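Examination of the molecular architecture
Chain by chain, the residues:
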Amino acid sequence: MKLFSRILLSLLCLIAAQSNSVATSLEQSPFYNNGPHYHLDNKLVMGRIEFIYYSNIAPLKGVGIPAKIDTGADTTSIHAVNISIRSSNPKFVDLQGEALLKSIAEHFGDPDTEWWLDSFDTPERNINATVKFDLVHPHTGETISLERPLARLSGIQGRGDHGILYRPVVELALSSGDITVNTAVNLTDRSAFSYPILIGKTFLREQAWVDSSYDYLQQEPKAQIISNKEIAYLDDLALAMSVSLANRRTSLNATNIKIDEGQQTVSFDAIDKNGKSKAYSVPLIKMLKIGENHHPMVNMPISIGQDVKHIELLLRDRSTRSSQLRLGTEALNQYFLVDLSAEHLSDQPLKSALDFAPNPPLMMSAEEQIQINDVTFNAEPSFAVNTSLLRVKSLRTLERSELKKPIAAFSSSDIHNQVYVFEQPIYRSIVVGDVTRPVIRPQIVLAGNNYQPDIALELATEEDPERLLIGEKFVDGPLWVNTRTNNIFSKRALIRAGYVEQATVEGLSIPVKLDTGADVSSMHAEQVKRFDKNGKPMVTFTYRNSDGLEQKFTREVVDEMTIKARVGEKADSRPVVMMEVKLGNVTETVRVNLQNRENFSYSMILGKNYLRNGFVVSSDGRYILTKQP
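Here is a short report on the structure shown in this document. (Residues numbered from 1 in each chain as written. Predicted model: local features only at pLDDT ≥ 70, side-chain atom pairs only at ≥ 80, totals over all residues. Heavy atoms only, no water.)

**Description of the layout of surface pockets**
Of the voids in this model, the second largest pocket is the one considered here, and its volume is about 1100 Å³. Taken together, 46 residues form the lining of the second largest pocket, with Val136, Pro138, Pro196, Ile285 and Glu312 sitting closest to its centre. For the lining of the second largest pocket, the secondary structure elements donating two or more residues are β3 (49–54), β4 (65–69), β7 (129–136), β21 (293–304), β22 (307–316) and α4 (329–335). Looking at the lining of the second largest pocket, the element that brings in the most residues is β22, giving five residues. A per-class count over the lining of the second largest pocket returns 23 nonpolar, 16 polar and seven charged. (1 Å grid on protein atoms, 1.4 Å probe; cavity = no way out; pocket = protein on both sides within 12 Å on 5 of 7 lines; lining within 4 Å. Points joined across faces, edges and corners; volume = space filled by probe spheres on them. Helix = DSSP H or I, 4+ residues; strand = E, 2+ residues; numbered from the N terminus. Nonpolar A, V, L, I, M, F, W, Y, C, P; charged D, E, K, R; others polar.)

Here it is, written out as C-alpha cells:
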C-alpha cells in the first residue's frame, strides 16, 4: 500500500502543480497526471466524441446523441430525414428541395463570396422559406417531425469536381456538459457516417476547447465502475457479460436473425446464460460489415447493477462464447471504467468515478508505454493474467555461483523495435499449463516513481507478439482501465493551440489547420506517381501552397486510406506516407494521407494522430501557440 500511496501522491502533486496555469481543480482532474481538464479558461473542454442533447425537443429530452467534435468544420450538421423546403417568396414559390437551394444560391451571388454565411433575416434577403424535417429517436427508431424557418444556406466544399454542396440551415438549441448553445445547424443525410451529429465552429466558438486525445471526455467523471465479469440483463434475460478493450462494437448473442428491409426492422432471438430465449423485433440502425459478413446493429436497454443504459448492439451468434454480452469500447467510453482487479461489482449499486475522489485508484488506458530499466515497452492491460507478463524475444536461465538466485537472461524489443538484452534475478516461478514462467522484479518508472512489481517472462510467438501485459496484481490495490484515451502514464502537459498554426513539416514552415474531426493528417499533393522499389510501394509527389513554397517528396506508401463520401460524392482512396511534423515543442513522425487540396484554404491539416500529443484546440482564434508569419 505504501507504493500505491506514493504513486497517488505524486499524481495529485503533479496535478496541483498545474493549477497556476490551468483553470482546474482536484474534482475536475481527480485521476492522473497532466489531465484531463473538463474546463479551461472558463470554457468547456470537449473530447473528440461527446454526447449532444436537443434541449428544446421534448421527445429527445435527456437523450444523449453521439457526436463528432470537429474544429475543422465551419458548420454544425445533424442527421435528418424527409427534408422538405418551401418558400412563399414569389421568386421561389414554385421550387422546392435542391432546386430551391440552387436557385437561392444563383440569385444571391457568386459562391466564392461565401454569402451563405450571412443570415436571411434582412429585407433584401427575406425569402420566407420553411424547412420540414424528421429526426430519428436513437432508442426507438421513431421519427420526430419538426418545422423551422430556413435561417440560411450552408455551403460545403465538395471533393474533387463536385464544387459547392448546399444544405438548408435551421436554428436549434444543443447542449453538452454544462453549456447550451442556440446554434445554426445544417440538415443532411448522415446515415453513411459513424455519428449522426457533427459539431463545428458554429457551436464551439467562444464555448469550448477540443481535446482530440479523448472520446466522451465529459462522461468520464460520472463513469461507473464495472469489472470484466458481470451479469447484465436484457429485460428478464440474464446475460454473462465480458469486456473487450480491442473492439469498438458491443456484441449480443442472437439467433434467427431476420431483416425486414422495407420496414427497416430486425427480428431475432436473444439467448441468456441459462439458455432462456426471448424474441424481439426492433428498429434497424445499420448493417455493419465484419469480414465477409454483414451484421445488424440495434439499440436496446441493458441493465447493469441498478442502472439501465441504452447501448448499440451488434447482433451475432455467440453461443460458443462464455459471455452473451461483450461490451466494446464505444459503450465503455460512454458509461464505464473497468476495475482490472475485481469481479461482479454489479451485485451492489455501481459506484461512479467521483465517488472515489479525491483518493482514486491508479488508472491506465488500453494502450500504454512503460519503462523497464530505462527501456520503454508497449504495454496493455490484460484480463487473462494475474501476474503481469512480458513476452520476450529470447529467454534462458543462468546459474551464477556468486549469486544466491538464478538469473533470467532475455532480450526484448522496445517501442522503436530496438532490441535490448537484460539480466534480472529470478525471485520465483509460476506454472501456467505446461509452461513455467520465471518471475522478475525490475525497476519500473511510472508517474515519476520507481518501483518493482512482479513480472513473469514468456517467449513471444507469432500469435502472441512481444508486449507487456499488465495483470491485476500490477499494483497493490485497484487498477482502473480507461478506454477513452491512450498513454495515460505518459500524458504530455496541456498545449493550447488555435485552429490554424504555423508548423514545420519536413523542414518546410507552413500554415496548417488543426482538425480534430480527422483521424489522420492530410497534405496537399500534385503530380502523384506510384512505383515499386525493392518490393515496396512508393510514391513521388509535389507539395505546393499559395505562398509559393514547392517541394518534391519520395516516400514509401505505408497504407491506403478510404475517405467516406458525403451524399452525392464518391469515396476517395488516398496513399498514406510518414512525415515529420513539428508544432511548438512537439516533434512527431506521423501518418499523412495525400490528396489534392487546391480547393481548400489550407494545404495541410493535422488530425487526431498528431493532435493527441497534448493539444487542446480553440475554434475562436488562430496562432495561439505560434506566431503568424
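Once the structure has been displayed, the description carries forward.
**Focus on the side chain of asparagine 482**
Considering the arrangement of structural elements, one finds asparagine 482 in strand β38 (residues 479–482). A distance of 2.6 Å separates a polar atom in the side chain of asparagine 482 from a polar atom in the side chain of glutamate 220. (Polar contact = N/O pair within 3.5 Å; in protein donor to acceptor, adjacent residues only side chain to side chain.)

**Regarding the nonpolar core**
Among the nonpolar cores identified, the biggest contains 60 residues, and Ile226, Leu252, Phe268, Ile304, Leu327, Leu390 and Phe474 are the most heavily contacted of them. Here leucine 390 is in contact with Ile372, Phe377, Phe410, Ile455, Ala456, Leu457, Glu458, Arg467 and Leu468, once residues within four sequence places are set aside. If you look at the next biggest cluster of nonpolar residues, it comprises 42 residues, including Ala67, Ile104, Leu146 and Leu172. (Core = buried A, V, L, I, M, F, W, Y, C linked by side-chain atoms within 4.5 Å. Buried < 20%, exposed > 50% of the residue type's maximum accessible area, 1.4 Å probe, protein only. Contact = heavy atoms within 4.5 Å.)

**Focus: the sheet that holds β7**
Spatial strand order, β6-β7-β8: three strands in an open sheet with antiparallel pairing. Of all strands in the sheet, those bounded by a partner on one side alone are β6 (81–87) and β8 (143–149). Adjacent strand axes in the sheet meet at a mean angle of 15° when their direction is disregarded. Note that β7 and β8 share seven bridges and pair antiparallel. Bridge assignment links threonine 130 to a residue of β8, and that residue is proline 149. (Pairing = 2+ DSSP bridges. Axes fitted to C-alpha atoms, helices over the stretch in contact; angles between N-to-C directions.)

**Points about the pairing of strand β30 (residues 407–413)**
Taken across its seven residues, β30 has seven buried, putting it largely inside the fold. Side chains Ile407, Ala409, Ser411 and Ser413 project from β30 onto one buried face, and the interleaved Ala408, Phe410 and Ser412 project onto a second face that is buried too. In terms of strand pairing, strand β29 (residues 394–398) meets β30 through five bridges, oriented antiparallel. Across the sheet, the residue bridging to threonine 397 is alanine 408, located in β30. Across seven bridges, β30 lies against strand β31 (residues 419–425) in antiparallel orientation. By the bridge assignment, isoleucine 407 is partnered in β31 with proline 425. Turn length for the β30-β31 hairpin, with the two strands adjacent in sequence and antiparallel, is five residues, and the turn residue asparagine 417 shows positive phi of about 65°.

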